[in-house]
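Each chain, written out:
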Amino acid sequence: MTALLLRLDALLAHIPHELLALLARLSVGTIFLRSGLLKLEGWASGTTLALFREEYRLPLLPPELASWMATGAELSLPILLFLGLFTRPAALALLGMTLVIEIFVYPNAFDTHGVWAVALLYLAKFGPGRFALDQLLFARPMPNVYGRA
């Protein structure tokens, strides 16, 4: 049994950071972009603002401001993730948004928000991987999965 676990560990060690980072960027980015597109779609009919007035109420922000901020973030930050541009700040901003959603809007959805948070923390810690504009623009070695460049 130990030998089997060691072989499995060796196989999993070959999964490249680039693949994990790309999957994290695309998957979590898609979640937020779809949400932003829904908010944009509901803007003209007033449903987006109604959601922020009734369901997404935040303690310190008026619904009008919160709806603009959330829609803007959900339409722009995922694009940065898809491109791998300013990945770490974009991931941290979406992580902050995830925490606000978990704490103030849907506190019983930790199972969903926890998955988002793990993907966003991974990107914040390890970066976007090789297939990203950050690599081209900043031309510095990104740390690998073990934190070494």
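Coordinates for the structure precede this section.
So, a few notes on the structure that sits alongside this text. (Residues numbered from 1 in each chain as written. Predicted model: local features only at pLDDT ≥ 70, side-chain atom pairs only at ≥ 80, totals over all residues. Heavy atoms only, no water.)

1. Some points on helix α5 (residues 87–105)
At step 1: Counted at 1.5 Å a residue, the expected span for α5 with its 19 residues is 27 Å, and the 25 Å between its end C-alpha atoms agrees.
At step 2: Inspection of α5 places Thr 87, Arg 88, Ala 90, Ala 91, Leu 94, Leu 95, Met 97, Thr 98, Ile 101, Glu 102 and Val 105 among the buried residues, and these make up the whole buried set.
At step 3: Elements that come into contact with the buried residues of α5 comprise α2 (17–41), α4 (63–83), α6 (110–126) and α7 (133–138). (Helix = DSSP H or I, 4+ residues; strand = E, 2+ residues; numbered from the N terminus. Expected span 1.5 Å × (residues − 1). Buried < 20%, exposed > 50% of the residue type's maximum accessible area, 1.4 Å probe, protein only. Contact = heavy atoms within 4.5 Å.)

2. What to know about a nonpolar patch on the surface
At step 1: On the surface, Met 1, Leu 4, Leu 5, Leu 8, Leu 12, Ile 15, Leu 19, Leu 20 and Leu 23 cluster together to form a nonpolar patch covering roughly 890 Å² of accessible area.
At step 2: When contributions to the nonpolar patch are tallied by element, the ones reaching two or more residues are α1 (2–12) and α2.
At step 3: By residue number, the principal contributor to the nonpolar patch is α1, which donates four residues. (Patch = residues over 30% accessible without salt bridge, like charges linked within 9 Å, V, L, I, M, F, W, Y side chains within 5 Å. Areas by Shrake-Rupley, 256 points an atom, 1.4 Å probe, with all protein chains shown as cover. Salt bridge = Lys/Arg side-chain N within 4 Å of Asp/Glu carboxyl O.)

3. Remarks on unusual backbone geometry
At step 1: Residues other than glycine seldom take positive phi values, yet Phe 86 does so here, at roughly 50°.
At step 2: Mapping Phe 86 onto the fold places it in the loop between α4 and α5.
At step 3: The class for Phe 86 is partly exposed, based on a relative accessible area of 41%.

4. Concerning the nonpolar core
At step 1: Grouped together as the largest cluster of nonpolar side chains are 26 residues, with contacts concentrated most on Val 28, Phe 32, Leu 81, Leu 94, Met 97, Leu 120 and Leu 123.
At step 2: For this core, the elements supplying multiple residues, two or more each, are α2, α4, α5 and α6.
At step 3: A total of eight residues in this core trace back to one element, the largest contributor, which is α6.
At step 4: The contact partners of Leu 123, leaving out residues within four places of it in the chain, are Ala 21, Ala 24, Arg 25, Val 28, Leu 81, Thr 87, Arg 88 and Ala 91. (Core = buried A, V, L, I, M, F, W, Y, C linked by side-chain atoms within 4.5 Å.)

5. Considering α4
At step 1: For α4, which comprises 21 residues, the first-to-last C-alpha distance of 30 Å matches the rise-based estimate of 30 Å (1.5 Å per residue) to within 8%.
At step 2: What α4 keeps buried is the set Ala 66, Ser 67, Ala 70, Thr 71, Ala 73, Glu 74, Leu 77, Pro 78 and Leu 81.
At step 3: Next to the buried residues of α4 lie α2, α3 (47–54), α5 and α6.
At step 4: One or two residues past the end of α4 sits Gly 84, with phi positive at roughly 70°.

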